[in-house]
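The chain contents come next:
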Amino acid sequence: MDEALEAAEVVADSGLEGVVVWLFRILGVLFILAGLGMWLLTDAGLLVLPAVLIVVGVVLLVAPQILLLLAELG
């Protein structure tokens, strides 16, 4: 966890936090859409891979902003 906070602090110091946050948000939305597409377009019901993609997408939407906030507070 310390390494992630250090990396977030370096990004925050360089002034690129907005770009990195939006990049992770775009990836998160793509993962969520891929997971939903796999779940809705297959006949197997709820599969493990689509569920994992959706969870990873939600984490990518939320985690960067939280990490940057923690780096600024610390």
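Residues numbered from 1 in each chain as written. Predicted model: local features only at pLDDT ≥ 70, side-chain atom pairs only at ≥ 80, totals over all residues. Heavy atoms only, no water.

### Concerning the overall build of the chain
Under the convention used in this document: Numbering of helices and strands runs from the N terminus; a helix is a DSSP stretch of H or I covering at least four residues, while a strand is a stretch of E covering at least two. By the convention used here, residues are in contact when the closest approach between their heavy atoms is within 4.5 Å. Each accessible area value is a Shrake-Rupley result obtained with a 1.4 Å probe; residue values ignore everything except the protein chains displayed when judging cover.
A count of helices and strands for the chain gives 3 helices and 0 strands. The N-to-C order of helical and strand elements in the chain reads α-α-α. When contacts within the chain are restricted to residue pairs at least 6 apart in sequence, long-range pairs at least 24 apart make up 63% of them. Entry remark: accessible area of the chain is about 5,200 Å², with carbon and sulfur atoms responsible for 76%.

### With respect to the environment of Ile66
Secondary-structure assignment places Ile66 in helix H3 (residues 48-73). For the pair Ile66 and Val21, spaced 45 residues apart in sequence, the C-alpha to C-alpha distance is 10.0 Å.

### Thoughts on a negative patch on the surface
Using the following cut-off: Patches in this entry comprise residues that are over 30% relatively accessible and not in a salt bridge; like charges within 9 Å are linked, as are nonpolar side chains (Val, Leu, Ile, Met, Phe, Trp, Tyr) within 5 Å. Between Lys or Arg on one side and Asp or Glu on the other, a salt bridge is scored when a side-chain nitrogen of the former is within 4 Å of a carboxyl oxygen of the latter. Counted as positive: Lys and Arg. Counted as negative: Asp and Glu. His and the chain ends are not counted at all. Taken as the charge location is NZ of Lys, CZ of Arg, CG of Asp or CD of Glu. Relative accessibility under 20% of the residue-type maximum defines a buried residue, over 50% an exposed one, and the middle range a partly exposed one, all with a 1.4 Å probe and only protein chains included.
Side chains of Asp2, Glu3, Glu6, Glu9 and Asp13 sit close together on the surface and give a patch of like negative charge. Looking at where Glu9 falls in the secondary structure, it is placed in helix H1 (residues 2-14). Judged by relative accessible area, which is 38%, Glu9 ranks as partly exposed.

### Regarding the packing of aromatic side chains
Cut-off, in case you're wondering: Two aromatic rings from Phe, Tyr or Trp, using only the six-membered ring of Trp, form a pair when their centres are within 6.5 Å; if the ring planes differ by under 30 degrees the pair is stacked, by over 60 it is edge-to-face, and anything between is tilted. Two conditions define a charge located above a ring, namely a distance within 6 Å from the ring centre to NZ of Lys or CZ of Arg, and an angle within 35 degrees of the ring normal.
A full pass over the atoms with the stated rule returns 0 aromatic pairs. For Arg25, the ring lying beneath its charged end belongs to Trp22, and the centroid distance is 4.7 Å.

### With respect to the environment of Leu61
By the secondary structure assignment, Leu61 is in helix H3. In this structure the C-alpha to C-alpha distance between Leu61 and Val29, which are 32 residues apart in sequence, comes to 7.3 Å. Apart from residues no more than four positions distant in its own chain, Leu61 is found in contact with Arg25, Gly28, Val29 and Ile32.

### Overview of the confidence of the model for the chain
Our working definition: Each residue carries a pLDDT score, the predictor's confidence in it, ranging from 0 to 100.
When the pLDDT values of the chain are averaged, the result is 81; 81% of them are 70 or greater. Taken element by element, the chain is modelled with least confidence in H1, mean pLDDT 71, and with most confidence in helix H2 (residues 17-40), mean pLDDT 88.

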